[in-house]
Amino acid sequence: MEIIEWSESLSVGIGKVDEQHKRLIQLMEELDQAIRNNETADVVEDVLTNLFNYAQAHFAVEEELFRTHKYPEMALHELEHQRFIAKAFAFKERLSSKRPGLALELLTFLSSWVLNHIELTDKRYAKFLHDCGVS
(Lines give C-alpha, C1' and ligand atoms only; values in the text may rest on other atoms or scores of the structure.)
Protein backbone atom coordinates (compact mmCIF):
# COMPACT_ATOMS: atom_id res chain seq x y z
CA MET A 1 0.00 0.00 0.00
CA GLU A 2 1.35 3.38 -1.02
CA ILE A 3 0.99 6.17 1.49
CA ILE A 4 0.20 9.46 -0.18
CA GLU A 5 3.06 11.88 -0.43
CA TRP A 6 2.80 15.63 -0.29
CA SER A 7 3.14 17.38 -3.62
CA GLU A 8 2.24 20.86 -4.76
CA SER A 9 -0.70 19.36 -6.63
CA LEU A 10 -2.30 18.84 -3.19
CA SER A 11 -1.86 22.48 -2.21
CA VAL A 12 -5.03 24.47 -1.58
CA GLY A 13 -3.01 27.69 -1.59
CA ILE A 14 -3.75 28.53 2.03
CA GLY A 15 -0.48 28.36 3.97
CA LYS A 16 -1.76 27.18 7.34
CA VAL A 17 -4.03 24.55 5.79
CA ASP A 18 -1.29 23.24 3.50
CA GLU A 19 1.09 22.93 6.46
CA GLN A 20 -1.55 20.98 8.39
CA HIS A 21 -2.19 18.70 5.42
CA LYS A 22 1.57 18.02 5.23
CA ARG A 23 1.57 17.12 8.94
CA LEU A 24 -1.41 14.77 8.51
CA ILE A 25 0.45 12.97 5.74
CA GLN A 26 3.56 12.80 7.93
CA LEU A 27 1.50 11.24 10.74
CA MET A 28 0.12 8.66 8.30
CA GLU A 29 3.71 7.83 7.33
CA GLU A 30 4.51 7.33 11.04
CA LEU A 31 1.54 5.00 11.33
CA ASP A 32 2.68 3.08 8.26
CA GLN A 33 6.16 2.70 9.76
CA ALA A 34 4.77 1.50 13.08
CA ILE A 35 2.70 -1.13 11.27
CA ARG A 36 5.57 -2.22 9.01
CA ASN A 37 7.95 -2.46 11.98
CA ASN A 38 5.45 -4.67 13.83
CA GLU A 39 5.36 -2.25 16.73
CA THR A 40 3.23 -3.19 19.72
CA ALA A 41 -0.47 -2.43 19.67
CA ASP A 42 0.16 0.33 22.23
CA VAL A 43 2.65 2.08 19.93
CA VAL A 44 0.32 1.84 16.92
CA GLU A 45 -2.56 3.13 19.06
CA ASP A 46 -0.47 6.08 20.27
CA VAL A 47 0.45 7.07 16.71
CA LEU A 48 -3.17 6.69 15.68
CA THR A 49 -4.37 8.80 18.60
CA ASN A 50 -1.92 11.54 17.64
CA LEU A 51 -3.13 11.40 14.06
CA PHE A 52 -6.81 11.57 15.03
CA ASN A 53 -6.24 14.39 17.50
CA TYR A 54 -4.32 16.34 14.89
CA ALA A 55 -7.04 15.71 12.29
CA GLN A 56 -9.66 17.08 14.68
CA ALA A 57 -7.56 20.19 15.35
CA HIS A 58 -7.09 20.65 11.60
CA PHE A 59 -10.82 20.30 10.98
CA ALA A 60 -11.47 22.95 13.63
CA VAL A 61 -9.16 25.37 11.78
CA GLU A 62 -10.96 24.77 8.49
CA GLU A 63 -14.37 25.10 10.11
CA GLU A 64 -13.40 28.39 11.75
CA LEU A 65 -12.39 29.72 8.32
CA PHE A 66 -15.77 28.61 6.98
CA ARG A 67 -17.67 30.41 9.75
CA THR A 68 -15.56 33.56 9.47
CA HIS A 69 -16.09 33.83 5.71
CA LYS A 70 -19.59 32.32 5.58
CA TYR A 71 -18.65 29.46 3.27
CA PRO A 72 -21.93 28.31 1.65
CA GLU A 73 -21.01 24.59 1.72
CA MET A 74 -19.90 24.70 5.36
CA ALA A 75 -22.52 22.26 6.69
CA LEU A 76 -21.73 19.65 4.04
CA HIS A 77 -17.98 19.93 4.61
CA GLU A 78 -18.39 19.69 8.39
CA LEU A 79 -20.53 16.59 7.90
CA GLU A 80 -17.67 14.97 5.96
CA HIS A 81 -15.36 15.77 8.88
CA GLN A 82 -17.79 14.23 11.37
CA ARG A 83 -18.18 11.08 9.27
CA PHE A 84 -14.41 10.73 9.00
CA ILE A 85 -13.96 11.04 12.77
CA ALA A 86 -16.73 8.51 13.43
CA LYS A 87 -15.29 5.97 10.98
CA ALA A 88 -11.72 6.53 12.17
CA PHE A 89 -12.66 5.98 15.80
CA ALA A 90 -14.68 2.89 14.88
CA PHE A 91 -11.52 1.50 13.25
CA LYS A 92 -9.52 2.39 16.33
CA GLU A 93 -11.96 0.49 18.54
CA ARG A 94 -11.71 -2.55 16.26
CA LEU A 95 -7.90 -2.53 16.42
CA SER A 96 -8.09 -4.04 19.89
CA SER A 97 -9.45 -7.22 18.25
CA LYS A 98 -5.97 -7.67 16.69
CA ARG A 99 -7.57 -9.00 13.51
CA PRO A 100 -4.84 -9.58 10.91
CA GLY A 101 -4.80 -6.90 8.25
CA LEU A 102 -7.00 -4.46 10.13
CA ALA A 103 -4.23 -1.90 10.69
CA LEU A 104 -3.42 -1.98 6.97
CA GLU A 105 -7.13 -1.63 6.16
CA LEU A 106 -7.22 1.44 8.41
CA LEU A 107 -4.15 2.91 6.72
CA THR A 108 -5.72 2.34 3.30
CA PHE A 109 -8.89 4.09 4.46
CA LEU A 110 -6.94 7.04 5.87
CA SER A 111 -4.79 7.52 2.77
CA SER A 112 -7.71 7.26 0.41
CA TRP A 113 -9.93 9.55 2.45
CA VAL A 114 -7.29 12.26 2.96
CA LEU A 115 -6.29 12.25 -0.71
CA ASN A 116 -9.88 12.43 -1.96
CA HIS A 117 -10.87 14.98 0.66
CA ILE A 118 -8.02 17.34 -0.22
CA GLU A 119 -8.34 16.94 -3.99
CA LEU A 120 -12.11 17.19 -4.17
CA THR A 121 -13.65 18.79 -1.11
CA ASP A 122 -10.87 21.06 0.16
CA LYS A 123 -10.00 22.41 -3.26
CA ARG A 124 -13.65 23.40 -3.65
CA TYR A 125 -13.50 25.69 -0.60
CA ALA A 126 -10.06 27.00 -1.56
CA LYS A 127 -11.38 29.09 -4.46
CA PHE A 128 -14.10 30.57 -2.28
CA LEU A 129 -11.65 31.46 0.50
CA HIS A 130 -9.11 32.87 -1.97
CA ASP A 131 -11.86 35.15 -3.30
CA CYS A 132 -12.35 36.29 0.32
CA GLY A 133 -8.65 37.19 0.54
CA VAL A 134 -7.46 34.14 2.49
CA SER A 135 -4.03 32.85 1.53
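Preceding block: the structure.
The following paragraphs examine the structure supplied in this document. (Residues numbered from 1 in each chain as written. Predicted model: local features only at pLDDT ≥ 70, side-chain atom pairs only at ≥ 80, totals over all residues. Heavy atoms only, no water.)

**Quick look at helix α4 (residues 102-131)**
Along its 30 residues, α4 runs 42 Å from first to last C-alpha, staying within 8% of the 44 Å computed at 1.5 Å per residue. Residue Asp122 marks the point of greatest curvature in α4, where the axis turns by about 40 degrees. Where α4 terminates, the next one or two residues include Gly133, which has phi positive at roughly 90 degrees. (Helix = DSSP H or I, 4+ residues; strand = E, 2+ residues; numbered from the N terminus. Expected span 1.5 Å × (residues − 1). Bend = angle between axes of the 7 residues up to and from the residue.)

**A closer look at the packing of aromatic side chains**
If you walk through the whole model with that rule in mind, you get nine aromatic pairs. Look at Phe59 and Phe84: their rings are 5.7 Å apart centre to centre, the planes differ by 85 degrees, and that puts the pair in the edge-to-face class. On the criterion of sequence distance, the pair formed by Phe59 in helix α2 (residues 41-69) and Phe84 in helix α3 (residues 74-95) is long-range, its members being 25 residues apart. Judged by its relative accessible area of 5%, Phe59 falls in the buried class. We classify Phe84 as buried; its relative accessible area is 3%. (Phe/Tyr/Trp six-rings, centres within 6.5 Å; stacked < 30°, edge-to-face > 60°. Buried < 20%, exposed > 50% of the residue type's maximum accessible area, 1.4 Å probe, protein only.)

**Some remarks on the nonpolar core**
Ranked by internal contacts, the top residues of the largest apolar core, which has 31 residues, are Met28, Leu31, Phe84, Leu106 and Leu110. Of all the secondary-structure elements, those providing two or more residues to this core are α1 (15-36), α2, α3 and α4. The element best represented in this core is α4, accounting for nine residues. Ignoring anything within four residues of it in the chain, the contact list for Leu110 reads Met28, Leu31, Leu48, Leu51, Phe52 and Phe84. In terms of nonpolar packing, the next biggest core, distinct from the first, is built from 10 residues, Val12, Ile14, Phe66 and Ala126 among them. (Core = buried A, V, L, I, M, F, W, Y, C linked by side-chain atoms within 4.5 Å. Contact = heavy atoms within 4.5 Å.)

**A closer look at the environment of Leu79**
Relative to the helices and strands, Leu79 resides in helix α3. Leu79 gets classed as partly exposed once you look at its relative accessible area, which sits at 32%.

**Examining the pattern of salt bridges**
In the structure shown here, the tally under the stated rule is seven salt bridges. A salt bridge links Arg67 to Glu64; its shortest N-O distance comes to 3.4 Å. Taken as a pair, Arg67 and Glu64 lie in helix α2 at a separation of three residues, close to a single helical turn. Classification of Arg67 by relative accessible area gives partly exposed; the value is 42%. Note on Glu64: relative accessible area 41%, which makes it partly exposed. The partner of Lys127 in a salt bridge is Asp131, with the nearest N and O atoms 3.1 Å apart. Remark: Asp131 and Lys127 occur in helix α4; sequence separation between them is four residues, near one turn of the helix. On the basis of relative accessible area, Lys127 is assigned to the exposed category, the value being 55%. (Salt bridge = Lys/Arg side-chain N within 4 Å of Asp/Glu carboxyl O.)

**Some points on a negative patch on the surface**
A grouping of Asp42, Glu45, Asp46 and Glu93 is seen on the molecular surface, where their side chains present a negatively charged patch. No other element matches the three residues that α2 contributes to the negative patch. Tracing the backbone through its elements, the reader meets Glu93 in helix α3. (Patch = residues over 30% accessible without salt bridge, like charges linked within 9 Å, V, L, I, M, F, W, Y side chains within 5 Å. Areas by Shrake-Rupley, 256 points an atom, 1.4 Å probe, with all protein chains shown as cover. Lys, Arg positive; Asp, Glu negative; His and termini not counted. Charge placed at Lys NZ, Arg CZ, Asp CG, Glu CD.)

**Focus on the packing of α1 against α4**
Between α1 and α4, the shortest axis-to-axis distance is 10 Å and the interhelical angle comes to 170 degrees. With respect to α4, the axis of α1 lies roughly antiparallel. The segment α1 lies against α4, with Val17, His21, Met28, Leu31, Asp32 and Ile35 engaging Ala103, Leu104, Leu107, Leu110, Ser111, Val114, Ile118, Asp122 and Tyr125. Here the residues of the contact of α1 with α4 sort into 11 nonpolar, two polar and two charged. (Axes fitted to C-alpha atoms, helices over the stretch in contact; angles between N-to-C directions. Parallel < 35°, antiparallel > 145°, perpendicular 65-115°, else oblique. Nonpolar A, V, L, I, M, F, W, Y, C, P; charged D, E, K, R; others polar.)

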